[in-house]
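One-letter residues, chain by chain:
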Amino acid sequence: MKILFSDNDYAYLYPGGKQVHVEKLYNALHHLNVHVQYENWHDPSLSSDIVHFFGYNDVNKIHLLKKKGYRLVYTHILDGITNLSSPKKKYHLVKNKIINYAPAKLNPLFLWKALPSFDALIYMHESDRQTAIQVYNVDPDKTFVIPHAVDNIVPNFNVVPNWNPYLVSVGSIVERKNSIFTALACQRNKIHIKFIGQPHDIQSTYFRDFLSCIDNEYTQYLGYLTENEKRNYLQNASGFVLLSKGESGCIAVYEAASLGLPLLLSDMPWAKHYDNPRRIFYSSPFSNKDADYAISNFCKYAQRQSIPSFEVKTWNEIAKMYLNVYRSVAS
């Protein structure tokens, strides 16, 4: 079985969670002796049985691959739409039903119109799967839920009290991650937090506003760190915070959970489907009053534990789940 990975984003322009996900899965599949390679536009000798998409912007390409007999798998990342209010979701549902009556020649304008062409659709959590079924009318029998993962899980039986506690927030510095909201909440409540991550655009207004609100007393911005540097800060933190407005899993949450850090997450659908949660707390990502209460209360009890904060799988385990999907569509 040959697998070809395809995407419409370019890692050197848009580094982030998706690129990490693809790289980890690629390496883990190789470890299982699966023949997997990246799509190269310049190579006419490429061949595969299955093309696995992590994003696409060309409906005609999907239809052409299907016509040529390829089996198609799509890791469908929804992020924002899953976390919209019920009225806004209903708006998208009605809008999509109307669009279904549009002439077929307009299909390339609506990327979701290609979803029925995929043989399997993979979601990182159940809320995304349910949203796809509701809003895009995808076939439930074609859907699978496969979460993110970590490289390995090493139980820590030597946890000691952190006498210099601080929180950590890991993620790209973009509006969706709500970094400014989180920083200001920590400043108001005199709570120490360290932000780790890079902006998608250092010239963006949001990134400049974020930098201007960092006081280097209660809030610090450490920028983009190596994996070892990031792990060191996580291992010495007392808790992890991500008050994002929408995620399709978020690898940083899995990394923090695997190290036993209690988690303060948004009180939204994206954060409600981590398996067997043990130390997950929630806050509104919009209300200052709610965030002040939640983050102050969180800090009273935040202390790293000896076991993961929810059930976390390794990338090798996740690769086996993907392999089962490949086999199911290839048969």
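Structure: see above.
These numbers were taken from a predicted model, which means no experiment stands behind them.

Q: Describe the pattern of salt bridges, listing the residues and the values that go with them.
A: When their charged atoms lie close together, side chains carrying opposite charge are able to pair. Scanning the entire structure with this criterion turns up 15 salt bridges. Across the pair Lys18 and Asp9 runs a salt bridge, and its minimum N-O distance is 2.9 Å. With a shortest N-O distance of 2.7 Å, Lys272 and Asp267 are connected by a salt bridge. Classification of Asp267 as partly exposed rests on a relative accessible area of 45%. Several salt bridges converge on common partners, so that one network encompasses Asp7, Asp9 and Lys18.

Q: I'd like a rundown of the packing of helix α5 (residues 179-188) against helix α9 (residues 288-301), residues and numbers included.
A: The contact between α5 and α9 brings their axes to 9 Å, and the two run at 60°. It follows from the interaxial angle that α5 and α9 lie oblique. When you trace α5 past α9, the crossing you get is right-handed. Contacts from Phe181, Ala185, Cys186 and Arg188 in α5 reach Asn288, Ala291, Asp292 and Ile295 in α9. Of the residues contributing to the contact of α5 with α9, the split by class is five nonpolar, one polar and two charged.

Q: Describe the sheet that holds strand β9 (residues 219-221), and please don't skip the residues or the numbers.
A: One open sheet holds the six strands; their spatial order is β9-β8-β7-β10-β11-β12, and the pairing between them is parallel. The sheet is open, and its two edges are formed by β9 and β12 (280-283), each paired on a single side. On average, each strand axis in the sheet is tilted by 25° relative to the strand beside it, whichever way the strands run. With three bridges joining them, strand β8 (residues 193-196) and β9 adopt parallel strand pairing. Following the sheet pairing, Lys194 is matched in β9 by Gln220.

Q: Before we move on, could you go through the packing of α5 against helix α6 (residues 205-213) and cite the residues and values that matter?
A: The contact between α5 and α6 brings their axes to 9 Å, and the two run at 10°. What the angle tells us is that α5 and α6 run roughly parallel. Together, Ser179, Ile180, Ala183, Leu184 and Gln187 of α5 and Tyr206, Asp209, Phe210 and Cys213 of α6 make up the contact between the two elements. When the residues that make up the contact of α5 with α6 are grouped by side-chain class, the tally is six nonpolar, two polar and one charged.

Q: Can you lay out the nonpolar core for me, pointing to particular residues and giving the numbers?
A: Ranked by size, the top nonpolar core spans 27 residues in total, and within it Phe240, Val253, Leu263, Leu265 and Phe310 carry the most contacts. Of all elements in the fold, only β7 (167-170), β10 (239-242), α8 (251-258) and β11 (263-266) reach the threshold of two or more residues within this core. The leading source of residues in this core is α8, at five residues. Residues Tyr26, Val34, Ala319 and Val329 belong to the second largest nonpolar core, which totals 25 residues.

Q: Account for the side chain of Ser309, with residues named and values stated.
A: Its location among the elements puts Ser309 in the loop between α9 and α10 (315-330). Separated by 2.4 Å, the side chain of Ser309 and the backbone oxygen of Leu261 make a polar contact.

Q: Before we move on, could you go through the pairing of strand β3 (residues 50-53) and cite the residues and values that matter?
A: Side chains Ile50 and His52 project from β3 onto one buried face, and the interleaved Val51 and Phe53 project onto a second face that is buried too. Note that strand β1 (residues 2-6) and β3 share four bridges and pair parallel. In the strand pairing of β3, Leu4 is matched with Val51. The pairing of β3 with strand β4 (residues 71-75) spans four bridges and is classified as parallel. Considered in β4, the bridge of His52 is made with Val73. Handedness of the crossover joining β3 and β4 through helix α2 (residues 59-67) is recorded here as right-handed.

Q: An account of the environment of Asn96 is requested, with residue identities and associated values reported.
A: Relative to the elements of secondary structure, Asn96 occurs in helix α3 (residues 86-99). Given the relative accessible area of 5%, Asn96 is considered buried. Along the backbone, Asn96 and Glu311 are 215 residues apart, and their C-alpha atoms lie at a distance of 36 Å. Residues within four places of Asn96 in sequence aside, it is in contact with Trp112, Val135 and Tyr136.

Q: Provide a residue-level description of the sheet that holds strand β6 (residues 143-145), including the pertinent values.
A: Reading across the sheet, the six strands line up as β2-β1-β3-β4-β5-β6 and stay open at both edges, with parallel pairing between neighbours. In this open sheet, the two strands that pair with only one neighbour each are β2 (35-38) and β6. When the angles between neighbouring strand axes are averaged without regard to direction, this sheet yields 25°. Examined bridge by bridge, strand β5 (residues 120-123) and β6 share three bridges and lie parallel to one another. The residue of β6 that forms the bridge with Ile122 is Phe144. Strands β1, β3 and β4 of the sheet are contacted by α2, whose axis makes an angle of about 160° with β3.

About the cut-offs
- Residues numbered from 1 in each chain as written.
- Predicted model: local features only at pLDDT ≥ 70, side-chain atom pairs only at ≥ 80, totals over all residues.
- Heavy atoms only, no water.
- Salt bridge = Lys/Arg side-chain N within 4 Å of Asp/Glu carboxyl O.
- Buried < 20%, exposed > 50% of the residue type's maximum accessible area, 1.4 Å probe, protein only.
- Axes fitted to C-alpha atoms, helices over the stretch in contact; angles between N-to-C directions.
- Helix = DSSP H or I, 4+ residues; strand = E, 2+ residues; numbered from the N terminus.
- Parallel < 35°, antiparallel > 145°, perpendicular 65-115°, else oblique.
- Left-handed = near helix turned anticlockwise from the far one by under 90°.
- Contact = heavy atoms within 4.5 Å.
- Nonpolar A, V, L, I, M, F, W, Y, C, P; charged D, E, K, R; others polar.
- Pairing = 2+ DSSP bridges.
- Core = buried A, V, L, I, M, F, W, Y, C linked by side-chain atoms within 4.5 Å.
- Polar contact = N/O pair within 3.5 Å; in protein donor to acceptor, adjacent residues only side chain to side chain.
- Right-handed = clockwise from strand over helix to strand, strands pointing away.

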